[in-house]
Amino acid sequence: GGGAGGHGGAFERPPAVEEVAGTSQKSFPLRMKHAFTYCQRGVVLVGDAAHSIHPLAGQGVNIGFGDVEALVETLEEALWAGQNYSDPLTLEKYSQRRRRANGAMIGTLDAVKAVYQSQFAPLVAARNLGMGLLNAAGPLKDLVVGYASSNASASKLF
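Quantities reported herein were computed from a predicted structural model and do not represent experimental measurements.

Moving on: helix α1 (residues 59-80). In this model, α1 (22 residues) spans 32 Å end to end at C-alpha, consistent with the 32 Å of a helix rising 1.5 Å per residue. When α1 is considered as a whole, its buried residues turn out to be Gln59, Asn62, Ile63, Gly64, Gly66, Asp67, Ala70, Leu71, Thr74 and Ala78. Two residues or fewer after α1 comes Gly82, characterised by a positive phi angle close to 75 degrees.

Counted by the stated rule, this structure contains 1 aromatic pair. Centroid distance Tyr38 to Tyr94: 5.9 Å. Interplanar angle 55 degrees. Geometry classified as tilted. Remark: Tyr94 occurs in helix α2 (residues 88-117) and Tyr38 occurs in the loop between β1 (33-34) and β2 (39-40); sequence separation between them is 56 residues. Both residues of the pair, Tyr38 and Tyr94, count as buried.

Reading guide: rules and limits
- Throughout this document, residue positions are counted from 1 along each chain, in the order its sequence is written.
- In keeping with the model being predicted, local features are shown solely for residues with a pLDDT of at least 70 and side-chain atom pairs are shown and tallied solely at 80 or more, while totals for entire chains, interfaces and linings include all residues.
- Only hydrogens and water are set aside; all other atoms, that is, all heavy atoms of the structure, feed into the side-chain values.
- Put simply, DSSP H or I for four residues or longer makes a helix, DSSP E for two residues or longer makes a strand, and each gets a number counted from the N terminus.
- Working rule for helices: expected span equals 1.5 Å times residues minus one.
- Exposure is judged per residue with a 1.4 Å probe applied to protein chains only, and the accessible area is read against the type maximum: over 50% gives exposed, under 20% gives buried, and values in between give partly exposed.
- The aromatic pairing rule takes the rings of Phe, Tyr and Trp, using the six-membered ring of Trp, and pairs them if the centres are within 6.5 Å, calling planes under 30 degrees apart stacked, those over 60 edge-to-face and the rest tilted.

Here's what the structure looks like:
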């Protein structure tokens, strides 16, 4: 039959978890990494293959969406111009554009992370004052939130 638990291409229930090995918490370091180039002959990097960031504010996926949008635009431009879309010079346009935009976002998020990790009293006071001012400045806050929530479109700023 084709129902749950049956065969023939239908959904099968995964095996049940019977035990959990170990009792201590596990962790892995969160690091910032950024590829030197996003393309080489026959290979294009997008998303986490091109960069990884601390999961601050969930920006990793937005940056990846921006990569996809920029790659599609680059390929479309080449096709419309009658150029070879896989030519390294064509793909380098994508690489340069996204490295610049992503570098700006990655650097900003790394700085924000450092500011929030600091316990240095004057920096904590300045951070709190700055966030209070940002929250009170409606249009500026909207711009920052808009930038952070849509890195794909914001990449055009860089």
